[in-house]
Structures are given as structure tokens and as C-alpha cells.
Amino acid sequence: MESPAAQENLFLFYSVIMGIYITFLYDLLRIGRRVITHNGFWVSVEDLAFWIYCAMKVFYLLHAESDGTLRWFAILGALLGMFLYKKTISPFFVKWVSFGLQSILNFIARPFRFVAKQIKKMLRKATIHTRRKMQAGREQLKNKLTSQWKLLKISIRKQ
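Heads up: these notes are all about the structure in this document. The written sequence of each chain sets the order in which its residues are numbered from 1. For a predicted model such as this one, the threshold for reporting local features is a pLDDT of at least 70, and the threshold for listing and counting side-chain atom pairs is 80 or more; totals across whole chains, interfaces and linings nevertheless cover every residue. To obtain the side-chain values, all non-hydrogen atoms of the structure were included, while hydrogens and water were left out.

Observations regarding the packing of aromatic side chains
Then, number 1: For Phe, Tyr and Trp, where Trp contributes only its six-membered ring, two rings pair if their centres lie within 6.5 Å, and the inter-plane angle classes them as stacked under 30 degrees, edge-to-face over 60, or tilted in between. What the rule picks out here adds up to eight aromatic pairs.
Then, number 2: Ring centres 6.4 Å apart and planes at 85° place the aromatic pair F24 and Y85 in the edge-to-face group. Here Y85 lies in helix α3 (residues 72–88) and F24 lies in helix α1 (residues 4–35), a separation of 61 residues in the sequence.
Then, number 3: One aromatic cluster is present, built from ring pairs that chain together F24, Y85 and F93. To qualify as a helix, a DSSP run of H or I must reach at least 4 residues; to qualify as a strand, a run of E must reach at least 2; elements of each kind are numbered from the N terminus.

See below:
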């Protein structure tokens, strides 16, 4: 049987690990937001789901390790784990993983961008061609109407 001090030290260790785990999960969310842009609504939905999940995990840890009793050293341990992870691993992890994922997605998307650019060029040419035809047709119609108007005026004057 373990001594109470050993159990509390183990609980503190689990709390530190929980803090690291929570911060790591949030870094995964941050990476996802860098790779795929979100509007404010979806960021809020993701954050709400994240914090509900984290609250359940912390509640489970408190229930399993201390029979649901809130221990301040556990909260301080989680904060310590978050702080250590945030200051050591997090900046490099977020930067390089998001860079790698963006590079992969850009490489995969390159052929689709090329096809989209070609379609856009074709549509632009078709639009310019159609616009020129419409303008020429408008000029012809204007000339015909002008000549018909002149003929009408001449025929009215002769009578």
C-alpha cells in the first residue's frame, strides 16, 4: 500500500501531465486554424467543444485520484504543466507542424489551382468576346434605327 504522500505526489504528477495534455490539444486546434481558416462562429464552437471536453477530463482526474475533492495543488500542477509546455515545446510545435501541413496542402492543391486559373482565363476571354459582339450588335442596331428614323422623318415631311 502506498503512503498518502506518495499518492499525492502521483496526483500532482498526473495534474502536470493533464496540463500538458490540455495545452497540446489546444495547440492542435491552433494548427488546424492556421491551416484552414475559420470564421468567428466556428472558432467559438470549437472552443466550446474543447473546453467541455477538458472539463470532463479534469473532472474524471479529480474523481479518480482524489474522490472528487478539489485539491489546489492539483490546479497548480495543471497550470505548471501548461506553463512548461507553452514555454518549451508549443512555439516550435505549432510553427513547424502548421508549416508542414500548409506545404503539403499547397502541393496537393497546385493542380487544382492551375485548372481553376485556366478556366478563369477561358471565361474571361469568352466574356470579352461576348461583350464585343454585344457592343457591335448594339452599334448596328443603333445605326439601323437611326437610318429608319431619318427615313420616317423624310416621309412625313413629303406628305
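Quick look at the side chain of S15
Then, number 1: For S15, the location among the structural elements is in helix α1.
Then, number 2: Any two residues having at least one pair of non-hydrogen atoms within 4.5 Å are treated as being in contact. Each residue touching S15, except ones within four places of it in the same chain, is listed here: L61, A74, G77 and A78.

What about the pattern of salt bridges?
Then, number 1: Salt bridge, as applied in this entry: a Lys or Arg side-chain nitrogen positioned within 4 Å of an Asp or Glu carboxyl oxygen. What the rule picks out here adds up to three salt bridges.
Then, number 2: In this structure, the salt-bridge partner of R33 is E46, at a minimum N-O distance of 2.9 Å. A residue pair is termed long-range when its members are at least 10 positions apart, and R33 in helix α1 and E46 in helix α2 (residues 40–66) qualify at 13 residues.
Then, number 3: Three labels apply to residues, based on accessible area from a 1.4 Å probe with only protein chains included: buried if under 20% of the type maximum, exposed if over 50%, partly exposed otherwise in between. Residue class for R33 comes out buried when judged on its relative accessible area of 17%.
Then, number 4: Residue E46 is classed as partly exposed on the basis of its relative accessible area, which comes to 22%.
Then, number 5: One salt bridge connects R33 with D47, and the closest N-O pair in it is separated by 2.7 Å.

Some words on the side chain of S98
Then, number 1: Counting through the fold element by element, S98 comes out in helix α4 (residues 90–158).
Then, number 2: In this structure S98 touches I31, R34, V35 and F93, once residues within four positions along its chain are discounted.

Describing α1
Then, number 1: A helix is expected to reach a length of 1.5 Å times the quantity of its residues less one. Between its first and last C-alpha, α1 extends 46 Å over 32 residues, near the 46 Å set by a 1.5 Å rise per residue.
Then, number 2: Of all the positions in α1, only F11, S15, V16, M18, G19, I22, T23, L25, D27, L29, I31 and R33 are classed as buried.
Then, number 3: Packed against the buried residues of α1 are α2, α3 and α4.

Section: the environment of F50
Then, number 1: Relative to the helices and strands, F50 resides in helix α2.
Then, number 2: Using a relative accessible area of 6% as the deciding quantity, one classes F50 as buried.
Then, number 3: Separated by 24 residues in the primary sequence, F50 and Y26 place their C-alpha atoms 7.7 Å from one another.
Then, number 4: Once residues within four sequence positions are removed from consideration, F50 is found in contact with I22, L25, Y26 and L29.

Some details on the nonpolar core
Then, number 1: Buried Ala, Val, Leu, Ile, Met, Phe, Trp, Tyr and Cys residues form a nonpolar core when they are joined through side-chain atoms within 4.5 Å. Of all hydrophobic cores here, the largest spans 10 residues; its members are F11, M18, I22, L25, L29, F50, C54, L61, L62 and A74.
Then, number 2: Ranked by residues supplied to this core, first place goes to α1 with five residues.

Remarks on the layout of surface pockets
Then, number 1: Taken as a whole, the largest pocket encloses approximately 210 Å³ of empty space.
Then, number 2: Secondary-structure elements contributing two or more residues to the lining of the largest pocket are α1, α2 and α3.
Then, number 3: No other element matches α2, which puts six residues into the lining of the largest pocket.
Then, number 4: Considered class by class, the residues forming the lining of the largest pocket number 14 nonpolar, one polar and no charged. Cavities and pockets are defined on a 1 Å grid built over the protein atoms alone: a cavity is a set of grid points where a 1.4 Å probe fits but cannot escape, while a pocket is an open set with protein on both sides within 12 Å along at least five of seven lines, and lining residues are those with an atom within 4 Å of any such point. Grid points are joined across faces, edges and corners, and a volume is the space filled by probe spheres set on the points. In the scheme used here, Gly and all other residues not listed as nonpolar or charged are polar, with Ala, Val, Leu, Ile, Met, Phe, Trp, Tyr, Cys and Pro taken as nonpolar and Asp, Glu, Lys and Arg as charged.

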